[in-house]
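# A closer look at the structure
Below, each chain spelled out in residue letters.
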Amino acid sequence: MSKLKIACATVNQTPLDWTGNFNRIVDAIQEARELGVELLCFPELTLTGYGSEDLFLSHWYPQKALLQLEKLIAHCGQITVAVGLPIRIADTTYNCMAVIENGQLLGIVAKQFMAIDGVHYEFRWFTPWVAREIIPFEFSGGQIPLGDVIFEKKGISYGFEICEDAWRGDARPGYRLQERKVDVIFNPSASHFAMGKSEIRENLVKKSSTLLNATYFYTNLLGNESGRMIFDGEILAARAGELILKNELLSFLDYQVMGFEFEKENFEITPVPTVHDKNNEFVKATSLALFDYLRKSKSKGFVLSLSGGADSSSIAVLIAEMVRRGIEELGVSSFLKKIGLPFNPQTSDPKTEIVGELLTTAYQASENSSYSTFQSAKTLSKSIGAKFYNWEISDEVKSYTEKIETALGRKLTWKDDDITLQNIQARSRSPIIWMLANINNALLINTSNRSEGDVGYTTMDGDTSGSISPIAGVDKFFLMNWLKWAEENLGYHGLKSVNALTPTAELRPNENHQTDETDLMPYAVIVEIERLAIRDRKSPMDVYLILKENLGIEDGLLKTYIKKFFRLWSRNQWKRERLAPSFHLDEFNIDPKTWYRFPILSGGFEEELKELDNF
């Protein structure tokens, strides 16, 4: 009876960190060997990292990756290892998996389909391999097979579908692997995190094991590799339609190894139960992304302009969760070492102490700020242990306003200069909070969310100031609900006053009773419109016809909301082009550098909106 100890490894890699990437792979191989693993599969592009971008277009980068592969062979005695890297042949680069066994390179498998939707632009860097084609490849003085290759170990045959290969329906390579009667199929991936995506992958893996009549393994990269995309480090295996292996996702560890003893026959299947919760997925992904961004950028902490409202408060809690989850998984000393913080906690509550070292907040009051938001910000900051400052910006606002009034020869009024008088308050907060970030050598956090990005409800060089924008990939309606969940389920009781507030920019005089949803429309409606208009790429008329049936909003009001959304969307593309780097967290985002490209100058849907008026 054929038995083989098979495992998958996930690793947290960084482009151009050649030594670190190499050592993490070697450490994972050593752990696998100690566990008795005989066949180990790493994710796609493990040697370089998936997020290398246009480095893949150079000649030297794939060549150096090949040199790293040569070095790795010496560490693969008594084990078979599959590892991902780019392979350049003449002027063409392929996305490949190299298979090493007992110190010998057996062959290289090339990816046949490129991911070209959403955040992926693989055709820019890689060429798809032709199905069934195998060529000789010169390596270390000899020749090895490269292309549509399968392998065998101890009477068990195995092959590969590399990430996107598995998502191509009837054209997927897995069907040809089935024809070749392979026992095991690996799917090494660099699949970006999105809330709800793990459940989709589980279904793919389970279905593939049945369709392809093989035990199907899946392994993904881990962590915030290069700034925007997060990888969840998922390891899965399925047999006969049942999920039999799943790891803990979004780990703070450098790598994970997980597997089991495979048998061709008489294999007892014990299904693995799974739970999916978008609220929990969001906090796990964002806290890991913040941790990786902090340490990989070699910054010393975070600075946050804490308004007391939902957006900035959610970020404060996410940073506190980064600390809590990090020290729970790594331990205090390892966590501090990884982020480069020379600090020795002195109390029985190291989490709160470390938050105090990493997070500095400031409440920057204008004449239009309320006592309730001040108390909200102060209470939350104190409850998590962050440093808290507060100051007035009224003198700065007054100085700027008086200068321009003198130049123009007239007074500015709320009747004639509403947007100007709002924006100068937001912009007056930027220089001093940047100053604090510079003093601390810290990352300044931008607090914009996706709903604000949709409609440009943000002040450039004001509240958009920042090094990173962690929540720009999620909508405000989700955030407001998540904060209530976090208060109840994560124990952040300092959120009670935050959750009691109505979202407001607090930039107009208090007697105007300014709220976000009065300025715009209900956030729940923005979400419905953006899903159809941006995610699904529907026209204004299509959006109207669908929402007319689904939302129960009065006809004229619904048309007003839709017209407002499309006009504000078109007018504010230039703002989206300038937002700080954001994390991809949802099924779609509005970042023009990673997901949705739109012209800065356009006709603004005017013809389409006239059709809507006349309908």
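Here goes a summary of the coordinates provided. From a predicted model like this one, the values you see are computed outputs, not experimental measurements. (Residues numbered from 1 in each chain as written. Predicted model: local features only at pLDDT ≥ 70, side-chain atom pairs only at ≥ 80, totals over all residues. Heavy atoms only, no water.)

## Some words on the pairing of strand β9 (residues 156-160)
Each regular strand carries side chains that alternate between the two faces of the sheet. Across the five residues that make up β9, a large majority, five, are buried. Going residue by residue along β9, you find Ile156, Tyr158 and Phe160 tucked away on one face and Ser157 and Gly159 tucked away on the opposite face as well. Relative to β9, strand β8 (residues 151-153) is paired through three bridges, and the arrangement is antiparallel. Each bridged residue has a counterpart across the sheet, and for Glu152 the counterpart in β9 is Ser157. What sits between the antiparallel neighbours β8 and β9 is a turn of two residues, in which Lys154 has the positive phi angle 55°. Pairing geometry for β9 and strand β10 (residues 184-189), over three bridges, is parallel. When the bridges of β10 are listed, Phe160 appears paired with Phe186. Crossover β9 to β10 through helix α3 (residues 174-179) is right-handed. (Buried < 20%, exposed > 50% of the residue type's maximum accessible area, 1.4 Å probe, protein only. Helix = DSSP H or I, 4+ residues; strand = E, 2+ residues; numbered from the N terminus. Pairing = 2+ DSSP bridges. Right-handed = clockwise from strand over helix to strand, strands pointing away.)

## Some words on the sheet that holds strand β11 (residues 215-220)
Spatially, β8-β9-β10-β11-β14-β15 is the arrangement adopted by the six strands of the open sheet, whose pairing is mixed. Bordering the open sheet on either side are β8 and β15 (242-246), each of which pairs with just one other strand. Strand-to-strand twist of the sheet, defined as the mean angle between neighbouring strand axes without regard to direction, takes the value 25°. As paired strands, β11 and strand β14 (residues 235-239) are joined by four bridges and run antiparallel to one another. (Axes fitted to C-alpha atoms, helices over the stretch in contact; angles between N-to-C directions.)

## Notes on the layout of surface pockets
By volume, the second largest pocket is sized at about 690 Å³. Lining the second largest pocket we find 31 residues, and of these His192, Ala194, Lys197, Asp586 and Glu587 sit closest to its centre. Those elements giving two or more residues to the lining of the second largest pocket turn out to be α4 (197-211), α13 (476-489) and α16 (523-535). With four residues, α16 is the single largest residue contributor to the lining of the second largest pocket. (1 Å grid on protein atoms, 1.4 Å probe; cavity = no way out; pocket = protein on both sides within 12 Å on 5 of 7 lines; lining within 4 Å. Points joined across faces, edges and corners; volume = space filled by probe spheres on them.)

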